[in-house]
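Architecture and fold: a report
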Amino acid sequence: MHGSNEKWQRVSRLHPCPICGRPDWCLISLDGTAAICGRTSDGAIKYIDGSGFLHRIDPDRVVPLPPVTAVSDDSEKPDFIALLRQHREHAEPRLQDLARTLGVSADALRNLKVGFDNRKQQFLFPERDGQGTIVGILTRDQYSQKKRLKGSKNGLSYADAWDSGEGPVILVEGPTDTAALLTLGLNAIGRPSNRGGVVFLAELLHDFPEDREIIVLGDDDQKEDGLWPGKDGAVQTAKDLATRLERTVCWAITPDHAKDAREWLSRYVTSEPLKMQQCFLDGLHPKKITPPPTVRVPQLRVPDTLLGDYRDEMVMARLRGIDQPGFYLDRSMTGTGKSTVDLEVVKVLIKLAGGAA
């Protein structure tokens, strides 16, 4: 590429290519005096192999680009919201390319608020807590290598409108499987790992209707030695959720021996993926996990009683117990006047016997 990478910035809808007018693929120098256009050869100074045609910009048309605010990975408390806002404008048409690569719809990726970092050439997937706050960012580069930015917490992947108001919600592993189920028109939430995200899930799903299923979906990834991380994680997650939510939670394995939801989609997808929604649901065969019984001791409310009235009641109770078999147990608190009551009972007995108190 002509010059250093730091001197060029990819075009966007806000700053389209000054040569072809398109918002993608091309590059502009930061001072606005040159552009590398991948489409237009007329008037180019030269062709740069692998990049495009180098053009000088007419001085009257020079518009320096605003500086890009860099967010350091070493930041103690990164502002994930600002970072995503900065990079979401660069996501188009990269999302179209990613959607084709993953076999999901570009709308599903948009709903997950996926961004693109031009400088590092990587996609940014936000992860949230149960209240919707972004707590971390998962990155994916052109080689499908994934990592979390420094300062990120493991969170959930879901769209703002993750619940359509009908049907089950399916808890898959990761944002790309979430995008696959969103492509099918299903309610989906992505867990950060096979056993992760339970606290955030319980927070997000605490009001989910009892008459609709919660299904934890495990990958069909059984190993030759018998270990099955996807299934074991799904079962444990369902158990933990059932306990926290105090309701039945189901688990299932990806249908038709597909490793995960995205592989299932790539295997059976048609030009109308919404028509495949019921086929996916029919193949789940969810198994129920019932939460352990919860024992609650009712809190009895005793009306407040004046201390004098309470002592009169204790006197009468003692008198009724005289000459009766069994034990009289007084568990009154210290200071309620048990000794005073005993003295009053003695006085009453003396009077009844005809003596002087």
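An account of the accompanying structure is given in this report. (Residues numbered from 1 in each chain as written. Predicted model: local features only at pLDDT ≥ 70, side-chain atom pairs only at ≥ 80, totals over all residues. Heavy atoms only, no water.)

Focus: the packing of aromatic side chains
With the rule as written, the count across this model stands at four aromatic pairs. With 6.2 Å between their ring centres and 25° between their planes, Trp-162 and Phe-208 make a pair best called stacked. Placement of the pair is Trp-162 in the loop between strand S9 (146-148) and strand S10 (169-173) and Phe-208 in the loop between helix H5 (198-204) and strand S12 (214-218), with a sequence separation of 46 residues. Across this residue pair, the class does not change: Trp-162 and Phe-208 are buried. Aromatic rings pair up to connect Trp-264, Tyr-268 and Phe-280 into one cluster. Taking the ring centre of Tyr-158 as reference, the NZ or CZ of Arg-128 above it sits at 4.9 Å. Taking the ring centre of Trp-251 as reference, the NZ or CZ of Lys-287 above it sits at 5.1 Å. (Phe/Tyr/Trp six-rings, centres within 6.5 Å; stacked < 30°, edge-to-face > 60°. Helix = DSSP H or I, 4+ residues; strand = E, 2+ residues; numbered from the N terminus. Buried < 20%, exposed > 50% of the residue type's maximum accessible area, 1.4 Å probe, protein only. Lys NZ or Arg CZ within 6 Å of the ring centre and 35° of its normal.)

Quick look at the layout of surface pockets
A volume near 350 Å³ is recorded for the second largest pocket. Lining the second largest pocket we find 20 residues, and of these Lys-146, Glu-173, Gly-174, Pro-175 and Thr-176 sit closest to its centre. Residue assignment for the lining of the second largest pocket shows that the elements contributing at least two residues are strand S7 (122-128), strand S8 (134-141), S9, helix H4 (175-183) and helix H7 (261-268). Taken together, the residues of the lining of the second largest pocket break down into four nonpolar, three polar and 13 charged. (1 Å grid on protein atoms, 1.4 Å probe; cavity = no way out; pocket = protein on both sides within 12 Å on 5 of 7 lines; lining within 4 Å. Points joined across faces, edges and corners; volume = space filled by probe spheres on them. Nonpolar A, V, L, I, M, F, W, Y, C, P; charged D, E, K, R; others polar.)

What about helix H9 (residues 307-321)?
The end-to-end C-alpha distance of H9 is 21 Å, a good match for the 21 Å that 15 residues give at a rise of 1.5 Å each. Check the buried side of H9 and you find it contacts helix H10 (338-352). A positive phi of about 65° marks Asp-323, the residue just after H9. (Expected span 1.5 Å × (residues − 1). Contact = heavy atoms within 4.5 Å.)

With respect to the sheet that holds strand S6 (residues 115-117)
Spatial ordering of the open sheet is given by S6-S7-S8-S9, a layout of four strands whose pairing is antiparallel. Of all strands in the sheet, those with a lone pairing partner are S6 and S9, marking the two edges. Neighbour-to-neighbour, the strand axes of the sheet open up by a mean angle of 35°, direction not taken into account. Relative to S7, S6 is paired through three bridges, and the arrangement is antiparallel. Residue Asp-117 lies in a different strand from S7, and its bridge partner there is Gln-122. Contacts from helix H2 (residues 94-102) reach S6, S7 and S8 within the one sheet, and its direction differs from that of S7 by about 80°. (Pairing = 2+ DSSP bridges. Axes fitted to C-alpha atoms, helices over the stretch in contact; angles between N-to-C directions.)

Topic: the pattern of salt bridges
By the definition in use, this model includes 13 salt bridges. The residue Arg-110 makes a salt bridge to Asp-107 at a minimum N-O spacing of 2.6 Å. Here the residue Arg-110 and the residue Asp-107 both occupy positions in helix H3 (residues 106-111), the gap between them amounting to three residues, near one helical turn. The partner of Asp-342 in a salt bridge is Arg-318, with the nearest N and O atoms 2.7 Å apart. Residue Asp-342 is found in helix H10, and its partner Arg-318 is found in helix H9; the two are separated by 24 residues along the sequence. (Salt bridge = Lys/Arg side-chain N within 4 Å of Asp/Glu carboxyl O.)

Regarding the sheet that holds strand S4 (residues 46-48)
Overall, antiparallel pairing links the five strands, which are arranged S1-S2-S3-S5-S4 in an open sheet. With partners counted over all chains shown, the strands left at the sheet margins are strand S1 (8-10) and S4, one partner each. With strand direction ignored, the average angle separating the axes of adjacent strands in the sheet is 30°. Pairing between S4 and strand S5 (residues 52-56): three bridges, direction antiparallel. Bridge pairing in S5 links Ile-48 to Gly-52.

Some remarks on the nonpolar core
The biggest cluster of nonpolar side chains holds 37 residues, and the ones touching the most others in it are Leu-109, Ile-170, Leu-181, Leu-184, Leu-217, Phe-280 and Leu-284. Each residue touching Phe-280, except ones within four places of it in the same chain, is listed here: Ile-170, Leu-181, Leu-184, Leu-186, Leu-217, Pro-255 and Trp-264. (Core = buried A, V, L, I, M, F, W, Y, C linked by side-chain atoms within 4.5 Å.)

Description of the packing of H4 against H7
The contact between H4 and H7 brings their axes to 8 Å, and the two run at 40°. Looking at the two axes, H4 sits oblique to H7. In the crossing of H4 with H7, the sense of the turn from one axis to the other is left-handed. Every residue of H7 that contacts H4 at Thr-176, Asp-177, Ala-180, Leu-181 and Thr-183 is listed here: Ala-261, Arg-262 and Leu-265. Classifying every residue of the contact of H4 with H7 by side-chain character gives four nonpolar, two polar and two charged. (Parallel < 35°, antiparallel > 145°, perpendicular 65-115°, else oblique. Left-handed = near helix turned anticlockwise from the far one by under 90°.)

Details of the pairing of S12
Burial runs high along S12: five of the five residues are buried. Following the backbone out of S12, through helix H6 (residues 229-245) and into the adjacent parallel strand S13 (residues 249-253), one traces a crossover that is right-handed. (Right-handed = clockwise from strand over helix to strand, strands pointing away.)

So, the pairing of strand S3 (residues 34-37)
Looking along a regular strand, one sees the side chains alternate between the two faces of the sheet. Of the two faces of S3, the one lined by Ala-34 and Ile-36 and the one lined by Ala-35 and Cys-37 are each fully buried. Note that strand S2 (residues 27-29) and S3 share two bridges and pair antiparallel. Bridge pairing in S3 links Ile-28 to Ala-35. Across four bridges, S3 lies against S5 in antiparallel orientation. Among the inter-strand pairings, Ala-35 is bridged to a residue of S5, identified as His-55.

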